[in-house]
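Commentary on secondary and tertiary structure
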Amino acid sequence: MLELMRNHWTLLRDVYQHDRTNLTGYDLINSYINCNEQANHVKIYTTDDDWMDHGTFVLIHATLVDEHWPYRSTDSLALIEDRIQNHISVGAFDGNGQLLAWCLRWAVQGSLSNLYVLPSYRRLGLASLLVRHMAKEIAATGAEVLATIAFGNEISQLFFEKLGFKLIDSIVFTMVPAL
């Protein structure tokens, strides 16, 4: 993915000028152009250099993702930003540009990571939508679609099983504080 510099955001917004029915196009990008405080923590990425032709982009609010990560640490924001910048990521937004749900890809294994839906937007199918989209994007690269689930997280395990995922291995991780 390529990070789109802020001075190009208006060009991306204007790709959607004639399609104002697309809630993730003109109005979403425009809300971040006009809201400097929120936009300081937002990055927009494109899939390639032809973004003005197709308008494909990913907008991620890294600090919000980090705030809701149960393994958050002093170093985790940089880790989240790296996942967003260098790997496939997806978010679901409302019409005002508020990030409601997201799913990132973990660099080490290439598995889905940081799947989260804000509590008031759960049970609307957003997590399923995001995982299916990510699975399609990852599969298109020829990679296997994997998800890492924290031990004992039965809700996530049932969710992924419902989507067709199967347990293939158990891995133990440990968190080491930064020195």
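This one's a predicted model, so the numbers in the text were calculated from it and none came from an experiment.

1. As for the overall build of the protein chain
The helix and strand inventory of the protein chain stands at eight helices and six strands. Along the protein chain, helices and strands appear, N-terminal first, in the series β-α-α-α-β-α-β-α-α-β-β-β-α-α. Going through the 179 residues of the protein chain one by one, you find that 36% of them count as buried. Within the protein chain, contacts between residues at least 6 apart in sequence are counted, and of these 52% link residues at least 24 apart.

2. Considerations on the packing of aromatic side chains
Per the counting criterion, the structure on display carries three aromatic pairs. With a centroid separation of 5.0 Å and an interplanar angle of 80°, the aromatic rings of Phe160 and Phe165 are classed as edge-to-face. Across the pair, exposure class does not vary: Phe160 and Phe165 are buried alike. Through pairs of rings, three or more aromatic residues link up here, namely Phe159, Phe160 and Phe165.

3. Description of the confidence of the model for the protein chain
On average, the protein chain scores 77 in pLDDT, and the residues at 70 or more come to 80%. Mean pLDDT across the elements of the protein chain bottoms out in helix 3 (residues 36-39) (55) and peaks in helix 8 (residues 154-162) (90).

4. Describing the sheet that holds strand 5 (residues 99-105)
The strand order 4-5-6 describes an open sheet built from three strands, whose pairing is antiparallel. Of all the strands in the sheet, the pair left with one neighbour each is strand 4 (90-93) and strand 6 (112-117). Neighbour to neighbour, the strand axes of the sheet diverge by 10° on average, direction disregarded. Direction of pairing for strand 4 relative to strand 5: antiparallel, over a ladder of four bridges. Bridge pairing in strand 5 links Gly91 to Trp102.

5. Structural notes on the pattern of salt bridges
Taken as a whole and assessed by the stated rule, the structure comprises one salt bridge. The partner of Asp14 in a salt bridge is Arg13, and the shortest N-O contact between them spans 2.9 Å. By relative accessible area, Arg13 is classed as buried at 13%.

6. Side note on helix 7 (residues 126-140)
When the terminal C-alpha atoms of helix 7 are compared, their 21 Å separation across 15 residues agrees well with the 21 Å that a helix rising 1.5 Å per residue should span. All of the buried residues in helix 7 are Leu126, Ala127, Ser128, Leu130, Val131, Met134 and Ile138. Contacts made by the buried residues of helix 7 are with strand 4, strand 5, strand 6 and helix 8. Looking one or two residues beyond helix 7, the residue adopting positive phi is Gly142, at roughly 90°.

7. What to know about the nonpolar core
Trp9, Ile80 and Trp102 are the most contacted members of the largest nonpolar core, which totals 23 residues. Contributions of two or more residues to this core are made by helix 1 (9-15), helix 2 (26-33), helix 5 (62-67), helix 6 (76-86) and strand 5. With five residues, the single largest contributor to this core is helix 2. Counting only domains with at least three residues in this core, you end up with domain 1 (1-60) and domain 2 (82-169). Here Trp102 is in contact with Leu64, Val65, His68, Val90, Gly91, Asn114, Leu115, Tyr116, Leu118 and Leu130, once residues within four sequence places are set aside. Membership of the second largest hydrophobic core comes to 16 residues, among which are Val90, Leu112, Val131 and Met134.

Scoring rules and cut-offs
- Residues numbered from 1 in each chain as written.
- Predicted model: local features only at pLDDT ≥ 70, side-chain atom pairs only at ≥ 80, totals over all residues.
- Heavy atoms only, no water.
- Helix = DSSP H or I, 4+ residues; strand = E, 2+ residues; numbered from the N terminus.
- Buried < 20%, exposed > 50% of the residue type's maximum accessible area, 1.4 Å probe, protein only.
- Contact = heavy atoms within 4.5 Å.
- Phe/Tyr/Trp six-rings, centres within 6.5 Å; stacked < 30°, edge-to-face > 60°.
- pLDDT = per-residue confidence, 0-100.
- Pairing = 2+ DSSP bridges.
- Axes fitted to C-alpha atoms, helices over the stretch in contact; angles between N-to-C directions.
- Salt bridge = Lys/Arg side-chain N within 4 Å of Asp/Glu carboxyl O.
- Expected span 1.5 Å × (residues − 1).
- Core = buried A, V, L, I, M, F, W, Y, C linked by side-chain atoms within 4.5 Å.
- Domains from an automatic or database assignment.

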